[in-house]
Every structure is written in C-alpha cells, then in structure tokens.
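Each chain, written out:
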Amino acid sequence: MSAPEPTSAPRAAPSALPAPPPPVSPAPPVALTALLGRRDLGLRLLAGPEDVSIHWVHTSEMSDPYPYLLGGELLMTAGVQLTDPVRYVARMVEAGAAALGFGVAPVYDTVPAEVVAACERYGLPLLEVPPETPFTAVARAVWRLMAEARHRELRRVTEAQQSLATAAARPAPVPAVLAALASRLGGRAVLFTAEGAADAAAGRPIPAGATRALRELARVVGPPRPDPGKGAGRAVARAGAERRAATAGAPASAGGDAEGWRLAAYALGGADGLTLGVATEGREPGDHTIAGVAVVLLSLLTAPHRGAGVAARDAALVRLLLGADPAEATAALGAGPWTVVHARGGDGTPFAAASLAAALGTPLMDAGDAGDTTAAGDGAASRRRAGGDPATDSPGASPRREAGGAGAPAPSGTSPAPAARHPDVRLLLPAGQEVEPQPGWVLGASAPVGAAELAVADAQAARAVRRAEAARVPLARHRPAGLGALVDRAEAASYARALLAPLSDPLAETLRTWLSLHGSWDRTAVAMEIHRNTVRQRVARCAALLELDLDDADVRMELWFALRSR
C-alpha cells in the first residue's frame, strides 16, 4: 500500500482518507505548547505546528501503529521497526494522531532526516526526546497537566453552579441568573422570545454585528415542542406556533463567531420558544456545562404553570411505578410513538443529565443511581466472571518504556483497565422529537413505539448505546429486523441452540460481538472490556468447537442469524 499524498492544508490527513475526529477524552486536552514549556523534559519541536492539543499518550514500536491509535495521541517511539518513514507518518496522520515523539537513543543518535521531512510534509508535529528523558516522564507530565486542567475546570463549574443556584432563588430570578451567567463566562447573556426579541439581557455590551448574529443564531435552534394542551392559553399557542414550525428538527444548540466574539444559542424547554444566547470573547473548558446549568434553571423558571395535561401525565407515571399495566397509562401518556434514549458520558457534574434532557427537549429523564457503580458491572470483576485473561505486554513494547512507572503509557496492542461505569441515563422523547448527537455523550435510540411497548424500546436503546460505544460514534439507532424476521422464530431458536450447543455463554457473546463489529479485534475488546488477545483466543476456540471456518462469509452469516435467534 503506497503512502497517500498530503493535501495543501498544513495539518490535515490525506484527502482520500480523512483523519477521524478523536474520541471524547475523560480529561481536558493538553496544549502541545504547555508540554514544550516543561524544561525538565527537554523536548524540542523539529517539524510541524505547535498549536495542537494532545488527548492521550501512547508508546509503540510497531512498524504500523494505525490499528492501535484512537486519534489525538502523542505517539512515542524509538524507531525500532522504522523502515519507511513516509508511510509511517502518513498512517499516523490517517489515524488522527496529534504528534510524534521520537526518542534519541538507543536506536538512533539523532532523529532521521527522513522522519523530519515526512512530518514537515504532512504537517505532523515532531518532538525530539533527549536520551535522559524516559517516555514515562513525558506521559506523566501529560497526565499531570490534564489533572490540573480538569481540577480547574471542575472547580470553576462547581462555583458557577452555586452562583447560578443562588441567583435562581432571588426575587427576580431570571435577570439574576442571566447576570450570574454573564459574570461567570465574562460575556453577555440574552433571553430571546419566540419572535426573536430580547426579553432580558445582562453582562458586557457587544458590537451591533455580534448582536445581530446572536439573534439570527437563536432563530435556528430549538427542538420541536409539543402543541400546548387544552389548559394552555391561546396567546401562548399563537406566540409559539411560528417558532415551532420554523425550528422543527432543528438542533437544540448552535455556535458561531462574529466580530471576534464566540456565540452560542440554546433552546429552553417548554412550549413558548424561548432561547438563551451567550456571547464571549473566548471559550474555556466548562463553558458549555455552565451554560447547560443556566438552560435548565431558566427552563424551570420560565415554564408555564402546570396544566391538567401535565398533572395527568405525572399521575400516569405514578401508576406505572406502582405496577399498573402500561396499557392503562396509555391514555394519559399519549398513544405515542415514543422513543427511548440511553446515554453514556457527560462531564461528571450533578447537572449533566438534566442538561442533556433539556438539550433533547424532554422532561422525562432517569439519571440512574450515580452512587452505585456496580449496576453496570465493575470492569475487572466482569472479566473475571467471563473468564477473561489479564492484559499482557506486547512484544512490540518500546525499549525506552520503564516498567512500573507512574503514568506509563500502555504498550501497543493492550487495553487499559476500564473504570467503573455508572448506569445509563435514560430518557423518553415524545412523538416527532428528533434525537441528535450531543457533545460529550454517546447515545442509543430505540425505534418509535407505543406506550405499551416501552419495555421493548428500552432494551433496543440499551443495545444501540453499546453498539455506538463500540463503534466510537456519538449516536446509534435501533436497526429493525430484516430478512431474519421472515424465519419462524421457534424453528430458528431450535436450530440455533443445536448449532451453538458447544459454546459457553462467554464464548457465544464474544462471537456475537465480534461478528457484529465485522471481525475487529480492537473494537470487540473495547465493547466487551476485555483484552484483545482474549478476544482472539475465544474466537479461535469457537472455531475449533464448532469445526467451522470463520473466514467463510456464509459461515459468518449463518452464525450471526443463529446467535440472534437463540
């Protein structure tokens, strides 16, 4: 495979193979300039731009690092198996790596000129790592910078939450919340009506052009809102009708720039079409979370009085909680269709789930038990129960990697031990409410169903969010049955049980996940939270027990239908 030609952009992957966006990191990224500023490391920039962000650190001595990169990494190597520098750099850019750190000694006395030229050609930052600086020291410095940035962000968000909550308790809560938000973000906050007029504003004045751009941005956001119930006044219906028609299917938030100001607009919940506009001179980590808290508070403060329809819906939910037949609550909940959404991610703050619900335009949300991380299963315990093997170092590990070093990056081909996971956030969206990807979240959406089929939809959403996480996409939707639905279920289940009888449950689940991810070892390991070598061993064991060739497409298809039917 020849190396792809670079584009004219200074930092872009080849046009034929665009670099994928890096997955969401659990910590704020670190600016390369901050790492270069650490004099104790002695790093030197030899090629490429310095205005990039580092999301992870990874060490690899594989000749092709592409299969082991997520995107956004600082890849550390001593060039043990470096044979084709141009192809090596091209594959890094194709994978979306942020920068290359090349260790001087023990293999090379200086960074090879071919590597410098290739990085300059593809716009990939190249760092020279001196012999006295171990790779673990670079990784530790990155993790420390990330931890410091995360601590500053969490402290800022927490203080902003307290300030906004205090403002919401004042006699004039809406202007007070806007003033607190503008103060915390160092800009201006405006509450727009459905007609686009500024109903209230606070903070620093902004140029007229930025004001017009913010007003236009506010007009394009807003999830579709349900029509007002019989208890709502006609004035509210008239004020929001045009707004609902114009924003049907529109995003819940949007951003832009005008005259040097960063602009953002957020649709509030409710049927009257209000929108929050925010203008700041820059953007800092945590701004979106702080604005999300303000959106939730303003949605509650500006919501109309509870009508008979809302009370009836709450009563229906209570009956469901008390064990009533879902069909009995259909009249109050509405016949549907309804969409169930499972969400994973967020920023770890108490308002994250509520902000997500507001962004999706629904008050029906279950945040799960944030204090119980065993519901989803501890990663290590799950692997032990499933018979997984512990991760072992790859033969391609760097000779500069120091065993046992704090913050040492994982060697190529290994999967880090997953952290305990909180239960999914679950949301219920009414008819016509479009599900769109949300920053910092991985979503799985069910097919639209009636109120009596909500349990089925909940299972569909749970499978969809697992598939989205494994595929590293922000949103996955339930895929309805195709040709498999034409086969008699009882006969298919009987045949599947006989065919798969030699397989234990862990082996069958591994095979199902591996087939669903098109035979990808790495993505299967991520989805099941086990080591990639364990995946290979289990799939090989399945082939031996079934006495089938898993490289045969017909065999794979038959096994896939059997695994879905058993």
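What counts, and where the lines are drawn
Residues numbered from 1 in each chain as written. Predicted model: local features only at pLDDT ≥ 70, side-chain atom pairs only at ≥ 80, totals over all residues. Heavy atoms only, no water. Helix = DSSP H or I, 4+ residues; strand = E, 2+ residues; numbered from the N terminus. Buried < 20%, exposed > 50% of the residue type's maximum accessible area, 1.4 Å probe, protein only. Contact = heavy atoms within 4.5 Å. Pairing = 2+ DSSP bridges. Axes fitted to C-alpha atoms, helices over the stretch in contact; angles between N-to-C directions. Core = buried A, V, L, I, M, F, W, Y, C linked by side-chain atoms within 4.5 Å. Parallel < 35°, antiparallel > 145°, perpendicular 65-115°, else oblique. Left-handed = near helix turned anticlockwise from the far one by under 90°. Nonpolar A, V, L, I, M, F, W, Y, C, P; charged D, E, K, R; others polar. Patch = residues over 30% accessible without salt bridge, like charges linked within 9 Å, V, L, I, M, F, W, Y side chains within 5 Å. Areas by Shrake-Rupley, 256 points an atom, 1.4 Å probe, with all protein chains shown as cover. Salt bridge = Lys/Arg side-chain N within 4 Å of Asp/Glu carboxyl O. Lys, Arg positive; Asp, Glu negative; His and termini not counted. Charge placed at Lys NZ, Arg CZ, Asp CG, Glu CD. Phe/Tyr/Trp six-rings, centres within 6.5 Å; stacked < 30°, edge-to-face > 60°. Lys NZ or Arg CZ within 6 Å of the ring centre and 35° of its normal. Expected span 1.5 Å × (residues − 1). pLDDT = per-residue confidence, 0-100.

## Examining the overall build of the chain
Tallying secondary structure elements over the chain gives 18 helices and 17 strands in all. Within the chain, the proportion of its 566 residues that are buried is 44%.

## What about the environment of Val107?
For Val107, the location among the structural elements is in the loop between β6 (99–103) and α3 (113–122). With 26 residues separating them in the primary sequence, Val107 and Gln81 have C-alpha atoms 9.8 Å apart. If sequence neighbours within four positions are ignored, Val107 has contacts with Ala78, Gly79 and Val80.

## A look at the sheet that holds strand β11 (residues 261–267)
One open sheet accounts for 5 strands, arranged β9-β8-β12-β11-β10; its pairing is antiparallel. Edge positions in the sheet fall to β9 (198–203) and β10 (253–258), since each has one partner strand and no second. Going from strand to strand, the sheet's axes swing by 15° on average, the running direction of each strand aside. In this structure, strand β8 (residues 188–192) lies alongside β9, joined through 5 bridges in antiparallel fashion. Note on β9: the bridge partner recorded for Phe192 is Ala198.

## A few points about the nonpolar core
Counting residues in hydrophobic clusters, the biggest one holds 31 residues, and the most contacted among them are Leu164, Leu178, Leu181 and Leu276. Listed by contribution, the elements that provide at least two residues to this core are α4 (135–168), α5 (173–185), β8, β9, β11, β12 (275–280) and α8 (287–302). Residues within four places of Leu276 in sequence aside, it is in contact with Leu178, Leu181, Ala189, Val190, Ala264, Ala265, Tyr266, Leu268, Ala291, Ala294, Val295 and Leu298. Counting 22 residues, the second largest nonpolar core, distinct from the first, contains Leu43, Ile54, Val57 and Ala99.

## Notes on the sheet that holds strand β7 (residues 126–129)
Strand order in the open sheet formed by 5 strands is β2-β7-β6-β5-β4, with mixed pairing between adjacent strands. On the outer flanks of this sheet lie β2 (44–47) and β4 (56–59), each paired with one strand and no other. Neighbouring strand axes in the sheet, compared pairwise and without regard to direction, differ in orientation by 30° on average. Across 4 bridges, the pairing between β6 and β7 is parallel.

## Describing the environment of Ala139
For Ala139, the location among the structural elements is in helix α4. Remark: the alpha-carbon pair of Ala139 and Val57, spanning 82 residues in sequence, is separated by 5.9 Å.

## So, the packing of α4 against α5
Between two packed helices, the angle of one axis relative to the other and the distance separating the axes together describe the packing. Interhelical geometry of α4 versus α5 gives an angle of 160° and a closest axis separation of 8 Å. Accordingly, the angle class assigned to the pair α4 and α5 is roughly antiparallel. Considering how the two elements wind past one another, α4 and α5 form a crossing that is right-handed. Here Arg156, Glu159, Ala160, Ser163, Leu164, Ala167 and Ala168 of α4 come into contact with α5, specifically with Pro173, Ala176, Val177, Ala180, Leu181, Arg184 and Leu185. Tallied by class, residues from the contact of α4 with α5 come to 10 nonpolar, 1 polar and 3 charged.

## A word on a positive patch on the surface
Among the surface-exposed residues, Arg463, Arg466, Arg479 and Arg564 lie close enough to one another that they form a single positively charged patch. Note on Arg466: relative accessible area 43%, which makes it partly exposed.

## A short note on the packing of aromatic side chains
The description of an aromatic ring pair uses the distance of the two centres, along with the angle that the planes make with each other. All chains considered together, the criterion is met by 2 aromatic pairs. Seen from the ring of Tyr66, Arg91 lies directly overhead, with NZ or CZ sitting 4.2 Å from the centre.

## As for the pattern of salt bridges
Under the defined criterion, the tally for this structure stands at 19 salt bridges. Note that Glu284 and Arg156 form a salt bridge whose closest N and O atoms lie 3.7 Å from each other. Residue Glu284 is located in the loop between β12 and α8, and its partner Arg156 is located in helix α4; the two are separated by 128 residues in the primary sequence. Residue Arg156 is classed as buried on the basis of its relative accessible area of 18%. Notably, a salt bridge pairs Glu469 with Arg344, separated by 2.6 Å at the nearest N-O pair. Pair noted here: Glu469 is in helix α13 (residues 454–471) and Arg344 is in strand β13 (residues 339–345), with a separation of 125 residues, a long-range link. The class of Glu469 is partly exposed, set by a relative accessible area of 25%. Given a relative accessible area of 13%, Arg344 falls into the buried group.

## Things to note about unusual backbone geometry
With glycine set apart, most residues show a phi of negative sign, and most peptide bonds adopt trans. Following Ala105, the chain continues into Pro106 via a peptide bond in cis, with omega recorded as 10°. With respect to the helices and strands, the residue Pro106 is situated in the loop between β6 and α3. Look at Arg472: it is not a glycine, yet its phi comes out positive at around 60°. In this fold, Arg472 is placed in the loop between α13 and β17 (475–477). A relative accessible area of 41% places Arg472 in the partly exposed class. Of note, Glu547 is a non-glycine position whose phi angle comes to about 55°, a positive value.

## Some thoughts on helix α17 (residues 532–546)
Over its 15 residues, α17 runs 21 Å from end to end, which matches the ideal 21 Å to within 8%, given 1.5 Å per residue. If you check which residues of α17 are buried, you get Arg532, Thr534, Val535, Arg538, Val539, Cys542, Ala543 and Leu546. At the C-terminal side of α17, Glu547 shows a positive phi close to 55°.

## Some remarks on helix α2 (residues 85–95)
Burial analysis of α2 places 9 of its 11 residues in the buried class, which makes it a mostly covered element. The set of residues buried in α2 consists of Pro85, Tyr88, Val89, Ala90, Arg91, Met92, Val93, Glu94 and Ala95. On its buried face, α2 sits against β5 (73–77), β6 and α3. Gly96 sits one or two positions beyond α2 and adopts a positive phi of about 85°.

## Let's talk about the confidence of the model for the chain
Here the chain averages 77 in pLDDT, while 72% of its residues score no lower than 70. Within the model, the stretch residues 1–19 combines pLDDT values under 50 with 44 contacts to residues more than four positions away or in other chains. Here residues 223–248 is a poorly scored stretch, pLDDT under 50, and it has 43 contacts once near neighbours within four places are set aside; other chains count.

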